[in-house]
Amino acid sequence: MASDSNQRSIELTQHFTNVASNYRSDSLFQSPSYQQWLHEITFNALDLKPNHTVVDLGCGPGQDSLWLSNKMNKEINLIASDISSGMMKILDDEIHKRNLSSIIKTYCMDAVTFSQQKQLPPFHRLLLKQFIHLLSHEERLLAFRGFYEQLDSNDNKLLIIGRPPKEIFPFDKRTQEIFLSSIPSTETYIQELEMCGFANIQYDVYRYTSDGSITLEHWINFIQNRLWSTFSPEHMTDEQITDCISYLKDKYKNEKFQFQDEMLILHCTAKKFITQ
Ligand SMILES: C[S@@+](CC[C@H](N)C(=O)[O-])C[C@H]1O[C@@H](n2cnc3c(N)ncnc32)[C@H](O)[C@@H]1O
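Cut-offs used in this document
- Residues numbered from 1 in each chain as written.
- Predicted model: local features only at pLDDT ≥ 70, side-chain atom pairs only at ≥ 80, totals over all residues.
- Pairing = 2+ DSSP bridges.
- Helix = DSSP H or I, 4+ residues; strand = E, 2+ residues; numbered from the N terminus.
- Axes fitted to C-alpha atoms, helices over the stretch in contact; angles between N-to-C directions.
- Contact = placed C-beta atoms within 7 Å.
- Near = placed C-beta within 6 Å.
- Nonpolar A, V, L, I, M, F, W, Y, C, P; charged D, E, K, R; others polar.
- Buried ≥ 20, exposed ≤ 12 C-beta atoms within 10 Å, placed from the backbone.
- Expected span 1.5 Å × (residues − 1).
- Arc of directions from axis to C-beta.

Novice: Explain the sheet that holds strand E3 (residues 104-108) here, please?
Specialist: By way of backbone hydrogen bonds, the strands of a sheet pair with one another, either parallel or antiparallel. Strand order in the open sheet made by the 7 strands is E3-E2-E1-E4-E5-E7-E6, with mixed pairing throughout. Looking at the sheet topology across the chains shown, the edges are occupied by E3 and strand E6 (198-209). Neighbour to neighbour, the strand axes of the sheet diverge by 15° on average, direction disregarded. By the bridge criterion, 5 bridges tie strand E4 (residues 125-129) to strand E5 (residues 157-162) in an arrangement that is parallel. By the bridge assignment for E5, Leu 126 is matched with Leu 158. In this fold helix H3 (residues 32-46) packs onto E4, E5, E6 and strand E7 (260-270), with an angle of close to 15° to the strand it touches most, E7.

See the structure below:
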């Protein structure tokens, strides 16, 4: 019988493969001001230099890898990996279309397996964006220990980008609880990283307020398409999705809807002592 952790991993892989084709085309991800905000905070935190090797783990359909290679005029090397074959197919097709196969290398594997790969070049930057919360505490410890070994000795930075554990989005009570229960506290990440040898841990929370380009209809559509694992059939039945949407329609009958988001950006370094 598969362990709970294996079962969860299978469900997540299936979920993200099912939603892969809708993921990039969703209007939330198409809003230029939202995209610009996300790219800007990610890019500033990465602090890239030409010739850096950057890993985009849990890369999804690869928007960040594609954007970063363009922004850096192809002067960085990217390694993008995701557990979902559906997500990787979308990125592989795009790499092929844009002729980027010498810049972006792709792998389809889970993060813990990736963290044990010894044949890869040392990484200068490791981007864990909107995905590390999907791993269990034990999986994160294994992965962080592996990343510590994989990072470059002289110039390295690991970044976790994800939502802080607080009510950010308009949801009914039940959905809010499911959403919040999926996000580890910032303290948890800090303790795990310290246990695995990471130092100089710093974090900030960034806020986005929509300019009106993200409407209630977009938000409802996003929930209906079950794009996040919070809305996967394992977490929410059809009835619960319908209830959440009815709650939103009712709440915003006489109230202005304004989409907001918040991102926690935590970064740290693997402090390696080189013995002579
Ligand atoms: C919410 S998406 C984020 C995608 C992208 N990083 C972004 O910021 O747009 C989460 C991604 O993590 C991937 N994922 C989930 N569990 C994973 C695991 N154990 N190892 C690697 N990838 C995983 C999913 O397949 C999905 O593509």
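Novice: I tried to follow the site of the ligand on my own but got confused; where do I start?
Specialist: Looking at the ligand, there are 19 residues lining it, with Phe 16, Gly 58, Gly 60, Ser 84 and Phe 131 nearest. Listed by contribution, the elements that provide at least two residues to the shell around the ligand are helix H1 (4-23) and helix H4 (63-71). Looking at the shell around the ligand residue by residue, the classes come out as 9 nonpolar, 6 polar and 4 charged.

Novice: Would you mind going over H4 with me for this structure?
Specialist: Each α-helix winds once per 3.6 residues, and so residues spaced three or four apart point in a common direction. Within the sequence span of H4, burial applies to Gln 63, Asp 64, Ser 65, Leu 66, Leu 68 and Ser 69. In this structure, the buried residues of H4 make contact with H3, strand E1 (53-57), strand E2 (77-82), helix H5 (85-98), E3 and E4. Just past H4, the residue Asn 73 takes up positive phi, approximately 50°.

Novice: What's the story with H3 in this structure? I'm lost.
Specialist: Taking 1.5 Å per residue, 15 residues should reach 21 Å; H3 reaches 21 Å between its end C-alpha atoms and fits that length. For H3, the set of buried residues is Leu 38, Thr 42, Ala 45 and Leu 46. For H3, the buried positions fall inside an angular range of 105° around the axis, keeping them on one side. Relative to its buried face, H3 has exposed residues pointing more than 90 degrees away, namely Pro 32, Gln 36, Glu 40 and Asn 44. If you follow the buried residues of H3, they end up packed against H4, E4, E5 and E7. One or two positions beyond H3, positive phi appears at Asp 47, with a value near 50°.

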